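# Commentary on secondary and tertiary structure
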Amino acid sequence: MLNRRSLRVKAMQSLFAYGQCKEANYNIGLAEIDEAFKPDLNSMEPQNHELLKANKQEAKAVLSNQVLGTQLPEGLTISKEAETVAKSVYKTFLNNSAKDKERLKNAMILDAESLTDYFLWAIGLLVAWSDLAKTEADKKKRLSPERLLTGDFNFPQNRVAEYFRKCSKLQVASVKKNVQWEDEEDNLKSWYKDIIKKDETFAEYRRTANPTFEQDKELIEHLIKQVVFKTEVILSFFEEKDIRWVENKSIVRSLVTRTVRDLEEDSDPKDFELPDFSNNWEEDKDFFELIYDSSIENDKEYSEIIASKTKNWEIDRLAVTDQIILKMAISEMLNFRSIPVKVTINEYIELSKNYSTPKSKQFINGILDVISNEFKKDGRLKKTGRGLLDNK
């Protein structure tokens, strides 16, 4: 199940990507200034190289001031040419950064919503292996009936796999999402031959005469936990499809495991519903969209708050991930009345432990504690309901 911690991770990753895009856009702007003040080699007029160099430096100083907030050199006079170019480049920077912001936010939302796709891939893989086992058993029965064993049809007739095979909603969703294992025939056969058929639990299941529904279910649960979500080559397949598979894997595994666990022998495939990856997706989506938007829109304000509490450090010298974590935490404190401050602080300490430097945990804890106390004193924390817990 997708939880708030997972959403915080996704927002943090998107904010990190946005920061990289901004840096790239800034460097593109610097390159555009270089290009604007290059000598015109085709001109018949003499080129004033010193003036071009001065204009270039002035334009870059203006862009740096606008984008990075750096101070203009004392006594620097900006020429009209440099100001015009800097203004044009900055406008392009803002347009590109705005597009990147929306693109990354949409990708962040799609990433969360795509969890259903990987649920379909995992369930579909189990059914595809069962189909492959049936094809193999039918061929053996036709060509060498004397070698056919009763257990050869155990997996093809596995009632859990058969349940999913008959689920029309699964089939429709798979077609809509283009989840088709038929396109991965080589992987399918290779994994079945090299992994499934060599698995001792699977071999024991095939030796079982007339397995019960519970034994069918136990095999599927084993394949999920010990094969699909544990075998390196299969995990690599999912990683190629999902750059955030490391974070998403546990959520998808939980969805698949829970779905199989809840099946009963008399369950009707017609009653099947795709599992919810969130208890309340609209509310969860609002949660990490607001954190993402607020952290970007209030970047300057949040940077100043952090800088005032890190007097021995320039904020630019802090680890980028630490900066992002602190800004997200500030956004959460100020925008979500129902979340207790201690919960927010603890969650972002956990993020720092998993995604930042070894010393970040203590640093994040100390800075957020100071900031939250200041917010309480000046009345900026507006907490209600559960959010009042532990805030006294």
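Residues numbered from 1 in each chain as written. Predicted model: local features only at pLDDT ≥ 70, side-chain atom pairs only at ≥ 80, totals over all residues. Heavy atoms only, no water.

## Some details on the layout of surface pockets
Formally: The distinction between a cavity and a pocket rests on a 1 Å grid over the protein atoms alone: a 1.4 Å probe fits inside a cavity but cannot get out, while a pocket stays open yet meets protein on both sides within 12 Å along at least five of seven lines, and a residue with an atom within 4 Å of a point counts as lining. Grid points are joined across faces, edges and corners, and a volume is the space filled by probe spheres set on the points. In DSSP terms, a helix is any run of H or I states spanning at least four residues, a strand is any run of E spanning at least two, and both are numbered starting from the N terminus. Residue polarity follows a fixed list, in which Ala, Val, Leu, Ile, Met, Phe, Trp, Tyr, Cys and Pro are nonpolar, Asp, Glu, Lys and Arg are charged, and the others, Gly among them, are polar.
When its volume is computed, the largest pocket comes out at roughly 1,400 Å³. For the largest pocket, the lining is made up of 34 residues, of which Lys22, Val67, Asp299, Ser303 and Lys327 are closest to its centre. Listed by contribution, the elements that provide at least two residues to the lining of the largest pocket are helix H1 (4-36), helix H2 (49-68), helix H3 (80-113), helix H12 (281-297), helix H13 (299-309) and helix H14 (320-335). Considering every element that reaches the lining of the largest pocket, the biggest residue donor is H1, with eight residues. Residue classes in the lining of the largest pocket are distributed as 15 nonpolar, nine polar and ten charged. For the second largest pocket, the calculated volume is near 490 Å³. Forming the walls of the second largest pocket are 19 residues, and the residues nearest its centre are Gly124, Val127, Ala128, Asp131 and Glu182. Considering every element that reaches the lining of the second largest pocket, the biggest residue donor is helix H4 (residues 115-143), with eight residues. The residue makeup of the lining of the second largest pocket, split by class, is ten nonpolar, five polar and four charged.

## Comments concerning the packing of aromatic side chains
Here a ring pair, both rings aromatic, is described through the centre-centre distance and the interplanar angle of the planes. Heads up, the condition is: Any two rings among Phe, Tyr and Trp, with Trp reduced to its six-membered ring, count as a pair given centres within 6.5 Å; such a pair is stacked if its planes are under 30 degrees apart, edge-to-face if over 60, and tilted if neither. Each residue gets one of three labels from its accessible area relative to the maximum for its type: buried under 20%, exposed over 50%, partly exposed in between, using a 1.4 Å probe on protein chains only. In our convention, an over-ring charge means Lys NZ or Arg CZ found within 6 Å of a ring centre and within 35 degrees of that ring's normal.
Enumeration according to the criterion identifies 19 aromatic pairs in this entry. Ring plane angle 10 degrees and centroid distance 4.7 Å describe the contact between Phe238 and Trp245, whose orientation is recorded as stacked. The two residues Phe238 and Trp245 agree in class, both being buried. Members of the aromatic cluster, joined through ring pairs, are Tyr118, Trp121, Trp181, Trp191, Phe229, Phe237, Phe238 and Trp245. Sitting over the face of the ring of Phe287, Arg4 holds its NZ or CZ atom 4.2 Å from the ring centroid.

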